[in-house]
Structures are given as C-alpha cells and as structure tokens.
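# Coordinate analysis (summary)
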Amino acid sequence: MMHESWQTNHNEVNEDVERFEQMESGEKEFYFDIHSIENIFDFYADKNQFDKAERALQIGFKQHPNATQLLAKQAIILIEKGEDEQAIALMETIINLEQSNPEFFLNLGWVYLKNGFFDNGIKCFNKTLETAFDEREEFLLDIAIYLNQADFFQATITYLEPGCIEFSLNENLLFELAFAYDKNGNIEKGIETYNRLLDVNPFSENAWYNLGILNIKNKELELAINCYDYALALNPSHADALFNKGNALVYLNSFEKALDCYYDYISYGYDPLLAYHYIADCLDQMHRVEYSLRFYNLAIDTDKNYFPAWLGFISVLINNEMAIDAIKASNDALELSFEYPEIFYLRGRAYLLVDNIKDAKKSFELAFKLDPDNLRHAIELFQITLEHATRYSTYSLWKKWFKKYPESTAVAYIGTWIFLIEKNDFEQAAIHLEKAVKNGSDEYEVFIELYPELEMIIKENDTLNQIIYRNLNYEL
C-alpha cells in the first residue's frame, strides 16, 4: 500500500464507510465529498479489499470528475493490478496538474524505483521533501523505507545521515539508517546508530536485538549476549533473541546455558524443529550421545523431510561406531529422497565401519555423481578406488575423472595435489589450482586440511600464492 500522509478521525471514517455500505446495498443514494471518498478508499485498501476500494472510487469520479486526489487513488489501483506503466503515466499527469502535493511526488518516486528508474525516483523524493514543509520528518521516513525495501541502501544513508541529525529523537529514522548501514556492510556505523537509538529509547527491545546481531557480525559474542539479555529482559518470549543467544553461547562452548535458551524457546510454543536440532548438536558436543540421538529423533519425527537432522543423526551414530544403526538410518533417509549426496557419503562411511567395501564404494560413487564439486566426498572415493583397484595409478585414475568431469572443482583440487606432489609440475598445478579456487573457493580450507603439506609449498611459490591472493583475497 502506498503512502497516505493524513490521519482521520475514527468516527468520521466509520460514518463514511457506513454510508457507502448502505449505498452499495441499494438502500440509499448519498453525496460524498472528495475527502470522504478518500476515507472510504483507504479503509478498504488497508484491508486489501481493493474491489470495494475501486467501487468507492467509481462513485467519487461520478460526483467529482478528474479530481486529482482521486486520480492518485486510481494510480494505486493500477499498481495493485500490476499495470505500472499506466500508473506512471497517470501519476506524471497528476504531477503536471498539481506541483504542491508531496504525497503525489512520493508515490510516483516509489513506482519509479519499483520499475528501475532510480534517478527519476530520487528526483521525485527530493521534490517530496521540498513540498512537505512541516511534514518533512514523516515523508523522510517513508522515503527511507521505500529505498531500503528496494535495496538502495547507500541512498538511504545519503538521506538519513543529515536527517537523523535534524530529527535526532526519531527512533524510526534511526532504525532505517542502522538497517541501511548493516546492509551496506558498515557494521561499526550500524552499531553506533543503534546505540544512538537506545540513548533515545533504552526500552526498545528490537533495537537491543538488532544491536546483538551486529555484534555477532563484528565477532563480539559477549557483547551480543548482553544485548540479547536486554531484549529478553524487556520481552522474555522474544523468539529470535532466545535462539540467537543460544547460538552465541554454543560458539563460546557454554553448552548448558545454550540448552536453557533452546528449552525456553520451545516452552513459549515456537516451532520446535530447529531447537530440537540445535539441542541435539549441543548434547553431542557435550558427549551426551544417548540424549543427542533422542533429540535428533524428535527433530526427524517433527519433519521427516528436514534433512539436516538426518545428517546430524547419522553422523553421531557413525562417530560412535554404531554402524548398523547408521546404515539403517541412511536407508530410511534415502527412502524419502535421493537428492542429498551427504546421505550417500555418510552411508559409505558406515559401510566402511563394517568392512563392506563394495557397498561403501557404491555409496561414495553416488555421492560424487550427485555433487562432483565436493572435495571431501571425492577424496573418499578416490582413496577407496586406489586401494581396491590395483590397475589404477594415482595419475591414471585422476586423468579418467578429469575426462569425465572436466568442470569438477574437486577434480581440479586433486589434480593440483598430484601435479605438486607426484609430478613436480608447478605449471600444471597452477592451472588446476586457479580453476579450483575460482569455482570452489569454499573448498580451499578443506583442501589444506586434507593435504596440510601443500600450504607451505603454495606459500613459497609466487605464482601459486598469487592465485590464492587473487581469488581468495588473502596472502599466505
């Protein structure tokens, strides 16, 4: 719904709507002034009852042909119908007829933004503020909201940095500015702005909560937890604050306190699925295996198609050498879907625990086929194939894979290792490393974890080191 800047007496609106309803039912005919038609239109538009709003508008046009205020409402109807081009044409006509109404400029600016005409939108917003006079504060907030909704965060900052000095006590403006800073990647400025907001209103639970989020992004976990505590002091059932506080405590290895947060979250009646999963993970890290498995089962029973719970459940079984249970669980998961390569990978690991090499290899093959970029899965298959198929050398097996999966990130990483360690061919190693990190930068840490001896080799070679610097933005 586009902006309506006026506020109307509640009784007056009800009286106008009642008269309109009587006219709709055929009981009586009434005359409505333009203001009353606007009241009726906005009453129904606020309830998304645009059919009735449009019928009220038709009555208005019969009684007040070409009234600019009603033409502006007609533009809203056009936008609701997805007819933005016609809406823009109509609103441009209205602007030419009346140059002093800030609401008209604001609405046209919003439609311009929606349709990719940023510069035109900004011109309209500037005209909005020029014509708003004593309503500048309210219109500035609407402009900020529209710009943030359209992801023009730098433009929001441009308007609100001076605006929040001029209207320094306006919480809503400070919220929009802090949000824009956050989305624009300026975490420090966002934190500073939320603190300014809290100076204005220290009882704003959402400001405390959002400040907690920014402190998490700033890796200040203790400060974040303090912020969540303030939010929870103001609203003990604040779902996101409870959950995020629990997550921060997990990172600090305060598992018991984290569990209390997740239990409280469930006790307030929120959807327990994620909480069950996170509780299970906490209990696993606390080596309370039996209870961890119970909560994974609760998560799975809550939503059998929530595969992160299946993955956690099977992983705990494997890590505690409960291979038969892990195989059964993986088969149960695969009955629901074959689209998760991680399930095949875990099933392969479970088969290895019972020395079933044949089925382990089949499982790893399926995992690799579904996701040929996953390095950990690829290495598992590569190693088991080499160990149990003597006709292959390391290089010949890799060459076969490279022909079959020339675009695979995992194959490129394995090629890098082979050319560095076995072939001592730095030129070919550089070609495959460049390809690997360009397409799979997230896998580089896994690569070094699996082949730690390569980190120093890459660091000491200028060509290889520059590849990492160009693609991962850091120098070894």
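This structure is a prediction, so every number in the text was calculated from the model and none was measured.

### With respect to helix α14 (residues 239-251)
End to end, α14 covers 19 Å across 13 residues, agreeing with the expected 18 Å (1.5 Å per residue, within 8%). For α14, the complete set of buried residues consists of Ala239, Ala241, Leu242, Phe243, Lys245, Gly246, Ala248, Leu249 and Val250. In this structure, the buried residues of α14 make contact with α12 (205-217), α13 (221-234), α15 (255-267) and α16 (273-285). Positioned one or two residues after α14, asparagine 253 has a phi angle of 65 degrees, which is positive.

### Topic: helix α4 (residues 68-80)
With 13 residues, α4 extends 19 Å between its outermost C-alpha atoms, agreeing within 8% with the 18 Å of an ideal straight helix rising 1.5 Å per residue. Of all 13 residues making up α4, ten are buried, and the element is well covered by its neighbours. Of the positions making up α4, those classed as buried are Thr68, Leu70, Leu71, Ala72, Lys73, Ala75, Ile76, Ile77, Leu78 and Ile79. Where α4 is buried, its residues contact α2 (34-46), α3 (50-63), α5 (84-97) and α6 (102-114). Where α4 terminates, the next one or two residues include glycine 82, which has phi positive at roughly 80 degrees.

### Description of the pattern of salt bridges
The final tally for this structure, using the stated rule, is 17 salt bridges. Note that arginine 294 and glutamate 290 form a salt bridge whose closest N and O atoms lie 2.8 Å from each other. With arginine 294 and glutamate 290 both in helix α17 (residues 289-302) and four residues apart, this pair spans about one turn of that helix. What makes arginine 294 partly exposed here is its relative accessible area of 46%.

### A closer look at the nonpolar core
Membership of the largest hydrophobic core comes to 131 residues, with the highest contact counts inside it found for Phe125, Trp401, Ile414, Tyr444, Phe447 and Ile458. Considering each element in turn, this core owes the most residues, nine residues, to helix α24 (residues 409-422). Each residue touching isoleucine 414, except ones within four places of it in the same chain, is listed here: Leu375, Ala378, Ile379, Phe382, Trp398 and Trp401.

### Here's the deal with the packing of α4 against α5
At a minimum axis separation of 8 Å, α4 and α5 run at an interaxial angle of 165 degrees. One way to sum up the angle between α4 and α5 is to call them roughly antiparallel. Considering the relative orientation of α4 and α5, their crossing is left-handed. For the pair α4 and α5, contact is made by Thr68, Leu71, Ala72, Gln74, Ala75, Leu78 and Ile79 and by Asp84, Gln86, Ala87, Leu90, Met91, Ile94 and Leu97, respectively. For the contact of α4 with α5, a count of residues per class yields ten nonpolar, three polar and one charged.

### Examining the environment of cysteine 124
For cysteine 124, the location among the structural elements is in helix α7 (residues 118-132). Cysteine 124 gets classed as buried once you look at its relative accessible area, which sits at 8%. In the structure, cysteine 124 is positioned 14 residues away from tryptophan 110 in sequence and 8.6 Å away in space, judged by C-alpha atoms. Beyond its immediate sequence surroundings of up to four residues, cysteine 124 is in contact with Phe105, Leu108, Gly109 and Tyr112.

### Here's the deal with the packing of α17 against helix α18 (residues 307-319)
Contact geometry for α17 and α18: axes closest at 9 Å, N-to-C directions at 155 degrees. Considering the angle they form, α17 stands roughly antiparallel to α18. Regarding α17 and α18, the two cross each other, and that crossing is left-handed. Within the contact between the two elements, α17 uses Val289, Ser292, Leu293, Tyr296, Asn297, Ala299 and Ile300 and α18 uses Ala309, Trp310, Gly312, Phe313, Val316 and Leu317. Tallied by class, the residues present in the contact of α17 with α18 amount to ten nonpolar, three polar and no charged.

### As for a negative patch on the surface
Residues Glu12, Glu15, Glu18 and Asp33 make up a contiguous surface patch of negative charge. Within the secondary structure, glutamate 15 sits in helix α1 (residues 10-24).

### Details of the side chain of serine 330
Inspection of the secondary structure assignment puts serine 330 in helix α19 (residues 323-336). Sequence-distant contacts of serine 330, defined by excluding residues within four places in its chain, comprise Ile314, Ile343 and Arg347.

### Section: the confidence of the model for the chain
Summing up the model confidence of the chain, the mean pLDDT is 94 and the portion of residues at 70 or higher is 97%. Across residues 3-8, where pLDDT falls below 50, the model places 21 contacts with residues more than four positions away in sequence or in other chains.

Parameters and conventions
Residues numbered from 1 in each chain as written. Predicted model: local features only at pLDDT ≥ 70, side-chain atom pairs only at ≥ 80, totals over all residues. Heavy atoms only, no water. Helix = DSSP H or I, 4+ residues; strand = E, 2+ residues; numbered from the N terminus. Expected span 1.5 Å × (residues − 1). Buried < 20%, exposed > 50% of the residue type's maximum accessible area, 1.4 Å probe, protein only. Contact = heavy atoms within 4.5 Å. Salt bridge = Lys/Arg side-chain N within 4 Å of Asp/Glu carboxyl O. Core = buried A, V, L, I, M, F, W, Y, C linked by side-chain atoms within 4.5 Å. Axes fitted to C-alpha atoms, helices over the stretch in contact; angles between N-to-C directions. Parallel < 35°, antiparallel > 145°, perpendicular 65-115°, else oblique. Left-handed = near helix turned anticlockwise from the far one by under 90°. Nonpolar A, V, L, I, M, F, W, Y, C, P; charged D, E, K, R; others polar. Patch = residues over 30% accessible without salt bridge, like charges linked within 9 Å, V, L, I, M, F, W, Y side chains within 5 Å. Areas by Shrake-Rupley, 256 points an atom, 1.4 Å probe, with all protein chains shown as cover. Lys, Arg positive; Asp, Glu negative; His and termini not counted. Charge placed at Lys NZ, Arg CZ, Asp CG, Glu CD. pLDDT = per-residue confidence, 0-100.

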